[in-house]
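Tertiary structure, described
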Amino acid sequence: MSGTQAKKIVELPSKELVEQLQSRKLTATQVLTAYTAKALELTERVNCVTEFIPQAPEWASELDKLPTVTGPLHGIPIAVKEDGDIEGMDSTVGFAKLLYNPMKEHSTLVKILLKLGAVPFCKVNVPQSMFSMGSENPIYGLTLNSINEKMGPGGSSSGSGSIVGGGGALIATGSDSAGSCRIPAVFHGICSMIPSTGRMSDKGVLQCLPGYHSQPDVPGFLAKDTDILALVFKSVLENNIQNDFDPLIAPIPWNETLFSSTKALKIGYYTSIPYFPAFPDVQKTVLKAKHALESAGHQVVHFDMPDSFHYLKTNMDMYSADRGLHFLKMFEENQFLLVRLIEEKDISANDEWNMILEKKAIQKEVLEKMDEAGIDLILGPAYPFPALVCEDVAKFQSLQDSIVYTMFWNFVNFPAGIVPFGNETGEHNDEYDDEGEPMFKVAKELIKDSAGMPINVQVSARPFKEELVLRALVELEKLSVSK
């Protein structure tokens, strides 16, 4: 295949590529070859790929030999986050102690993707421990932002964001317990969505905090556009195929009626969260999305979010219930100490039960507010700022509390998705009130170089209403293009 042919393939819109694979105008091998070449070129620049999956060419060849297509994802190359198991390959999340322990089988999600005809073709990088907005580890090194190498890539699905943002894959798997799919997607101006816990199997995905059962890493996807994002979610959720591999997944089949409905929706919105106020262009972008939805016939009303200080304290108390011992064990008590996660006082069972009750009370508060107002969806910022300069890692990581925008939806177990809807202009940041708070001052300093970077909006729905979130993302993307 010539370089020109490969370039044409990777530049095809996702919908057209899927159509050409389904009609056999393109073979799985041709598409895999083109995307592998692009991923190789990209990873030389930004170091997003940890390893290419050796079985991928054989999987593509077997698809090409079949008389008919295998399924709706026939021949689509998919990048796999490094925490997802592939038979014969390591899953390390950046810890050298987990090297040389090849997995005995694929993760459930990879098994399903293969059954649907997809071709997982590479594993992509993560920060060590996956508890970071950056992306560096001592095994695979530092991953850069593929649309602007000066900016942070976001984490922990940083390799996923970088490879999709740079055109090396149409879609990549991710995992998310606090924003790890959505933050890299924000920083690269692409789409992403996570389901409620229990809607998509996490079997064979290495957990960031394996003992934190009430808010586990949920599998999700980062995608070039909403067409491929919706297709993959629909394909995985359809016909209860997951229950063939994982009986613990709720047998909730894809709801096409909910996804395809054209019924006008009532949508709540907010533009900022007090714990970490959003920057002016982020707030303006949410309002632009609000007006676009209203012009499309939807009713959009203000929504009061729960107390962000109370919610974040409860969430972080639950995260730190083991006093950071899991991380200390993984890092073998080296200099890496997550100070805020380590407490001198032991957490009692009663303390933990009270945290769970607080969590349930906050979830109930949101649901009751939605019910009282008749709200279907909630629209808000995906993040308080766009991608920021990451040359000073310590400064960049000091902004970790900005995850208040993404982590809340994991905390209440709502599906959440994001889509790009604007860009940072750099024209209004002097208006930002840093309140004398060091964290806000750092963000205000770093955002000076972010002009032109994408700004995403976020949509959330009641638990297990993933189809409704996807419907909104598709509509918002079309509205964004039409503006």
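Summary of the structure given here. (Residues numbered from 1 in each chain as written. Predicted model: local features only at pLDDT ≥ 70, side-chain atom pairs only at ≥ 80, totals over all residues. Heavy atoms only, no water.)

Quick look at the packing of helix α3 (residues 28-46) against helix α4 (residues 56-65) now. Viewed as axis vectors pointing N to C, α3 and α4 meet at an angle of 150°, and their least axial separation amounts to 8 Å. By the criterion of interaxial angle, the relationship of α3 to α4 is roughly antiparallel. Here Ala28, Thr29 and Leu32 of α3 come into contact with α4, specifically with Ala56, Pro57, Ala60, Ser61, Leu63 and Asp64. Taken together, the residues that form the contact of α3 with α4 break down as 6 nonpolar, 2 polar and 1 charged. (Axes fitted to C-alpha atoms, helices over the stretch in contact; angles between N-to-C directions. Helix = DSSP H or I, 4+ residues; strand = E, 2+ residues; numbered from the N terminus. Parallel < 35°, antiparallel > 145°, perpendicular 65-115°, else oblique. Contact = heavy atoms within 4.5 Å. Nonpolar A, V, L, I, M, F, W, Y, C, P; charged D, E, K, R; others polar.)

Turning to its location among the elements, Trp409 is positioned in helix α15 (residues 404-411). With residues up to four places along the chain from it excluded, the contact list for Trp409 reads Arg182, Tyr270, Met305, Ile378, Phe414, Ala416, Gln458 and Ser460. Polar contacts involving the side chain of Trp409 include one to the side chain of Ser460, which spans 3.4 Å. (Polar contact = N/O pair within 3.5 Å; in protein donor to acceptor, adjacent residues only side chain to side chain.)

Moving on, we get to the packing of aromatic side chains. When we look at a pair of aromatic rings, we describe it by the centre distance and by the angle of the planes. Summed over the entire model, instances satisfying the criterion amount to 14 aromatic pairs. With a centroid separation of 4.9 Å and 85° between ring planes, the pair formed by Phe408 and Trp409 is classed as edge-to-face. Taking relative accessible area as the criterion, Phe408 reaches 3% and is therefore assigned buried. What links up through ring pairs into an aromatic cluster is the set Phe187, Phe276, Phe279, Tyr383, Phe385, Tyr432 and Phe440. (Phe/Tyr/Trp six-rings, centres within 6.5 Å; stacked < 30°, edge-to-face > 60°. Buried < 20%, exposed > 50% of the residue type's maximum accessible area, 1.4 Å probe, protein only.)

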